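Analysis of the macromolecular model
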Amino acid sequence: LRELSEWLDELERTELKTFSLNEAPTPKERVQVLTQWQKEGGIMVMGYDMYRLLASGSRTRVGKYKKSQKSALMDPGPDIIICDEGHLLKNSESAIAKTLSQIRTRRRCVLTGTPLQNNLIEYHCMASFVKPDLLGSLKEFRNRFVNPILNGQHADSTQYDVTIMKRRAQVLHNLLSGCVQRKDYHVLAKHLPEKHEYIISVRLTNFQRELYQFYLDNISTKGEKAVNTKGRSVSGLFTDYQNLMRVWTHPKLLETHSLKREFAELLIEKE
């Protein structure tokens, strides 16, 4: 709400009202705020979980409250819905994605700063929320794009497979060019203050030095393989690093780690 106030004032659009349910703890008060927002217009700020609970009415016992919540949030929905942290919608089978997909609104915008790691199924879910049916059903999307693209990314893929992959990727890029905008940090670089990094070195105390040396002389695996609490073989260097990191961070961590390890061993014995 503070961000909205700052930017709306700068844009001289103060006639847009802002609403939030943070100060409406009871179902009755929430319905009153939603009804006022639906009647007067403006911007409603709401989290995903809150929206899911209100739109589905799963925790609302009064029938008229459920009807009012559904009317304000789903049918008819708001003129435009903007989903921040949109990567939360990457799974079409999640309760949040299913609830949001039922909103009757012609304008949808999804914002995310989290890379999707080239996961085309997640990409299909987010793009389908913004532009339903643009990429077809998930089955059609798999046959048309996912399988050909993945088939050309293997170490033993033939030149024909690679060619088909590039063509399919280009077709997908062209399909999404009208609704997907990708911006990197250069867009904001000129508006951000100069970045300064400071490195502060802190000397070990005498006690930490003694613990460090004692570990190297008596406990260190010297790079040999070690076995963790789950009976798995792990790198000795990795184990040494983890333990020495506890020493130089704070010796108290050695005690807490030891207690956790003892508790884990007790659970293994009980099983």
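Now for a quick tour of the structure. This structure is a prediction, so every number in the text was calculated from the model and none was measured.

Take the pattern of salt bridges next. For the coordinates displayed, the defined rule picks out 4 salt bridges. With its nearest N and O atoms 3.9 Å apart, the salt bridge here joins D49 to R52. One end of the pair, D49, and the other, R52, are both in helix α3 (residues 48–56), 3 residues apart, so they sit about a helical turn from each other. Residue R52 is classed as partly exposed on the basis of its relative accessible area of 25%. Where K252 meets E255, a salt bridge forms, and the shortest distance between an N and an O atom there is 2.9 Å. Within this pair, K252 and its partner E255 are both found in helix α12 (residues 252–270), separated by 3 residues, close to a single helical turn. According to the relative accessible area criterion, E255 is partly exposed, its value standing at 43%.

Attention now goes to the nonpolar core. L34, C83, L89 and L100 are the most contacted members of the largest nonpolar core, which totals 23 residues. Contributions of two or more residues to this core are made by α2 (27–40), α3, α4 (63–73), β3 (81–83), α5 (95–100) and α6 (120–130). Leaving out residues up to four positions away in the same chain, L100 has contacts with Y48, Y51, I81, C83, L89 and F129. Among the nonpolar cores identified, the runner-up in size contains 11 residues, and F141, F145, M165 and L176 belong to it.

Together, I80, I82 and L111 line one region of the surface with nonpolar side chains, adding up to about 280 Å² of accessible area. By relative accessible area, I82 is classed as exposed at 54%.

This paragraph deals with the packing of helix α7 (residues 138–151) against helix α8 (residues 159–176). Look at α7 against α8: their axes get within 7 Å of each other, and the N-to-C directions meet at 135 degrees. Viewed along their axes, α7 and α8 adopt a mutual orientation that is oblique. In the crossing of α7 with α8, the sense of the turn from one axis to the other is left-handed. For the pair α7 and α8, the contacting residues are F141, R144, F145, P148, I149 and N151 in the first and D161, I164, M165, R168, A169, V171, L172 and L175 in the second.

It is worth spelling out the environment of Q208 at this point. Within the secondary structure, Q208 sits in helix α10 (residues 206–218). You can call Q208 buried: its relative accessible area is 8%. Sequence separation between Q208 and H250 is 42 residues, and the spatial gap between their C-alpha atoms is 8.1 Å. Excluding anything up to four places from it in sequence, Q208 contacts V247, W248, T249, H250 and P251. Side-chain polar atoms of Q208 contact the backbone nitrogen of T205, separated by 3.0 Å.

Enumeration over the complete set of coordinates arrives at 2 aromatic pairs. Taken together, a centroid distance of 5.5 Å and an interplanar angle of 45 degrees make the contact between F141 and F145 tilted. Pair noted here: F141 and F145 are both in helix α7, with a separation of 4 residues, about one helical turn. An identical accessibility class is assigned to F141 and F145; each is buried. Between the NZ or CZ atom of R108 and the centre of the ring of F129, over which it lies, the distance is 4.9 Å.

About the criteria used
- Residues numbered from 1 in each chain as written.
- Predicted model: local features only at pLDDT ≥ 70, side-chain atom pairs only at ≥ 80, totals over all residues.
- Heavy atoms only, no water.
- Salt bridge = Lys/Arg side-chain N within 4 Å of Asp/Glu carboxyl O.
- Helix = DSSP H or I, 4+ residues; strand = E, 2+ residues; numbered from the N terminus.
- Buried < 20%, exposed > 50% of the residue type's maximum accessible area, 1.4 Å probe, protein only.
- Core = buried A, V, L, I, M, F, W, Y, C linked by side-chain atoms within 4.5 Å.
- Contact = heavy atoms within 4.5 Å.
- Patch = residues over 30% accessible without salt bridge, like charges linked within 9 Å, V, L, I, M, F, W, Y side chains within 5 Å.
- Areas by Shrake-Rupley, 256 points an atom, 1.4 Å probe, with all protein chains shown as cover.
- Axes fitted to C-alpha atoms, helices over the stretch in contact; angles between N-to-C directions.
- Parallel < 35°, antiparallel > 145°, perpendicular 65-115°, else oblique.
- Left-handed = near helix turned anticlockwise from the far one by under 90°.
- Polar contact = N/O pair within 3.5 Å; in protein donor to acceptor, adjacent residues only side chain to side chain.
- Phe/Tyr/Trp six-rings, centres within 6.5 Å; stacked < 30°, edge-to-face > 60°.
- Lys NZ or Arg CZ within 6 Å of the ring centre and 35° of its normal.

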